[in-house]
Amino acid sequence: MKKILVWETHSMISGGQKMTLLISELLGAENEFVYMIPGEGALSKELDRRKIQYHMLGDQSMPAGVKGKSVIFRYAGLSLNAIAKALRIIAKEKPDLIYAPGPAALPWSAICGVLTNKPVIWHLHHMFLDGPTKKLLNFFSGWSSVKKIIAVSNCVGDQIGNSAGRKKVEVLYNPVDGEKYSSGCADTVWQEHPQMKCKDENTIVLGHVALMQETKRQNIVIDTAKELKDRGYHVKAVFAGGTKNAEDEKFLLSLKQSTKKYGMEADVHFLGFRSDIANVLACCNLVMIPSAFEGFPLAGLEANAAGLPVICANQGGSLEYAKVSKSGEIFRFDDAEDAASAVIRCLEKYDYYACNAKNFAKKCSVANYKDNIYAILIGNKAHERNII
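So, a few notes on the structure that sits alongside this text. Since the structure is predicted, the reported quantities are computational estimates derived from the model, not experimental observations. (Residues numbered from 1 in each chain as written. Predicted model: local features only at pLDDT ≥ 70, side-chain atom pairs only at ≥ 80, totals over all residues. Heavy atoms only, no water.)

## Section: the overall build of the chain
Phase 1 of the analysis: Summing up its helical and strand segments, the chain has 17 helices and 13 strands in all.
Phase 2 of the analysis: Its C-alpha atoms give the chain a radius of gyration of 21 Å, within 12% of the compact-globule value 21 Å for 388 residues.
Phase 3 of the analysis: Taken over the C-alpha atoms alone, the chain extends approximately 65 × 50 × 40 Å along its principal axes.
Phase 4 of the analysis: The buried share among the 388 residues of the chain stands at 53%.
Phase 5 of the analysis: Within the chain, counting contacts between residues at least 6 apart in sequence, those at least 24 apart form 68% of the total. (Helix = DSSP H or I, 4+ residues; strand = E, 2+ residues; numbered from the N terminus. Rg over C-alpha atoms; globule rule 2.2 N^0.38 Å. Buried < 20%, exposed > 50% of the residue type's maximum accessible area, 1.4 Å probe, protein only. Contact = heavy atoms within 4.5 Å.)

## Thoughts on the sheet that holds strand β11 (residues 286-289)
Phase 1 of the analysis: If you walk across this open sheet you meet the 6 strands as β10-β9-β8-β11-β12-β13, and the pairing is parallel. Two strands close off the open sheet at either side, each with one partner strand: β10 (268-270) and β13 (328-331). Put simply, the sheet's adjacent strands are angled 20° from each other on average, direction ignored.
Phase 2 of the analysis: For strand β12 (residues 310-313) and β13, the ladder comprises 4 bridges, and the chain directions are parallel. Bridge pairing in β13 links Cys 312 to Ile 330.
Phase 3 of the analysis: Here helix α10 (residues 218-230) sits on the sheet and contacts β8 (204-209), β9 (235-240), β10, β11 and β13; the angle it forms with β9, its principal contact strand, is near 170°. (Pairing = 2+ DSSP bridges. Axes fitted to C-alpha atoms, helices over the stretch in contact; angles between N-to-C directions.)

## Some details on the environment of Lys 370
Phase 1 of the analysis: Tracing the backbone through its elements, the reader meets Lys 370 in helix α17 (residues 366-377).
Phase 2 of the analysis: Judged by its relative accessible area of 29%, Lys 370 is partly exposed.
Phase 3 of the analysis: The spacing of Lys 370 and Leu 21 is 349 residues in sequence and 13 Å in space, taken between C-alpha atoms.
Phase 4 of the analysis: Residues within four places of Lys 370 in sequence aside, it is in contact with Leu 26 and Leu 27.

## Considering the pairing of strand β3 (residues 53-56)
Phase 1 of the analysis: The pairing of strand β2 (residues 32-37) with β3 spans 4 bridges and is parallel. Counterpart to Val 34 in the pairing with β3 is Gln 53.
Phase 2 of the analysis: For the handedness criterion, the β-α-β arrangement of β2, helix α2 (residues 42-50) and β3 is classed as right-handed. (Right-handed = clockwise from strand over helix to strand, strands pointing away.)

## Some thoughts on the packing of aromatic side chains
Phase 1 of the analysis: According to the stated counting rule, one finds 9 aromatic pairs in the structure shown.
Phase 2 of the analysis: Lys 226 extends its terminal NZ or CZ atom over the ring of Tyr 262, reaching a point 5.3 Å from the ring centre. (Phe/Tyr/Trp six-rings, centres within 6.5 Å; stacked < 30°, edge-to-face > 60°. Lys NZ or Arg CZ within 6 Å of the ring centre and 35° of its normal.)

## Structural notes on the pairing of strand β4 (residues 97-100)
Along any regular strand, the residues point their side chains to alternate faces of the sheet.
Phase 1 of the analysis: Residues of β4 alternate between two faces, with Leu 97 and Tyr 99 on one and Ile 98 and Ala 100 on the opposite face, all of them buried.
Phase 2 of the analysis: Note that β4 and strand β5 (residues 120-124) share 3 bridges and pair parallel. Bridged to Ala 100 within β5 is Trp 122.
Phase 3 of the analysis: Regarding the hand of the β-α-β motif, the stretch spanning β4, helix α4 (residues 105-116) and β5 is right-handed.

## Focus: the pattern of salt bridges
Phase 1 of the analysis: Following the criterion strictly, the structure yields 16 salt bridges and no others.
Phase 2 of the analysis: Asp 334 is the partner of Arg 217 in a salt bridge, and the nearest nitrogen-oxygen pair spans 2.9 Å. One end of the pair, Arg 217, is in the loop between β8 and α10; the other, Asp 334, is in the loop between β13 and α15 (336-348), and 117 residues separate them in sequence.
Phase 3 of the analysis: Its relative accessible area of 16% is what places Arg 217 among the buried residues. (Salt bridge = Lys/Arg side-chain N within 4 Å of Asp/Glu carboxyl O.)

## Things to note about the sheet that holds strand β6 (residues 146-151)
Phase 1 of the analysis: Across the sheet, 7 strands lie side by side as β3-β2-β1-β4-β5-β6-β7; this open sheet has parallel pairing. Every other strand in the sheet has two partners, leaving β3 and β7 (169-171) as the edge strands with one partner each. Going across the sheet, the axis of each strand differs from the next one's by a mean of 20°, ignoring polarity.
Phase 2 of the analysis: Pairing analysis gives 5 bridges linking β5 to β6, with the strands arranged parallel. The residue of β6 that forms the bridge with Val 120 is Val 146.
Phase 3 of the analysis: Against the sheet, helix α1 (residues 15-27) touches β1 (3-7), β2, β4 and β5, its axis set at about 160° to β2.
Phase 4 of the analysis: Relative to β5, α4 is tilted by about 170°, and along the sheet it contacts β1, β4, β5 and β6.

Structure (structure tokens):
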């Protein structure tokens, strides 16, 4: 049995946290997991429910609006504080391994690993949006404390260009619980939101599952729905996802204003955070992934497990997902007109894409993933790798 110290940098539960919780579940019977998290929130509640021990490090994110040279000083102060607290927890818990899936924790974990002589494994889920972050990660990726770097897709792994760090990268696509997402019940959602139920069986229902953030490009989903409506189609858009800060709330308000401007208030539904994504997917017949910054979209896997095709932007992990899953169509990033055309093309080949969706979800089974992640994290030769 190994004790694994998980360094999470968000208090809410989104794609990355879902994966970390799944790994804890898969390997928890044979290993002990202890978390470091920023503070109370959806993640702490879930850890309490699962009876997993955790420590609170405090907020590990840069405040909004910090610019210029002050960024360097604020980041340095934030880093010193986080590292100092983490070192105390490491001394107390004496873990065998530090597992860092949280973006901010990647460089900090490398430093802690050197100072405590603990091996560190990174798990990269994201496309990083700024040059300084990439430079920082490439610098620390070569440190001796970082033993392995798990990347959720090839495009995510390709961000590590440092030759020493690149040798440590292993690409492992995310898994999905096929049974969970294929057993959703639309009636459950329709009872809460009667307007969502389609009177016309030919209505196109575009689903989107993600935090409500500008980088997720929910505005393109709304614009695509508007374009389809203008072309004479009956269409609805369904959003499942919450917000985490004032900036997200402002973006959500702009989405609602666009919906009102387009006269589509009865056709666009904002459901907020949902723990029953399978039920939401059961209301949809397509899922859109318009972001250019996805690592390897869990929303795509969940949609595929539900038998739904996907419409993906032609950049980043969204593009890679469409190519490897063969479960949908690709459109030009930020181009709603092209996205609408992609939706129509997808509907014309719906059965083909739906079949591919189910097959890809089966390949990405939790059972296969357990063997793979066990081999990487624990290094037990009894578990053979089974990479797609």
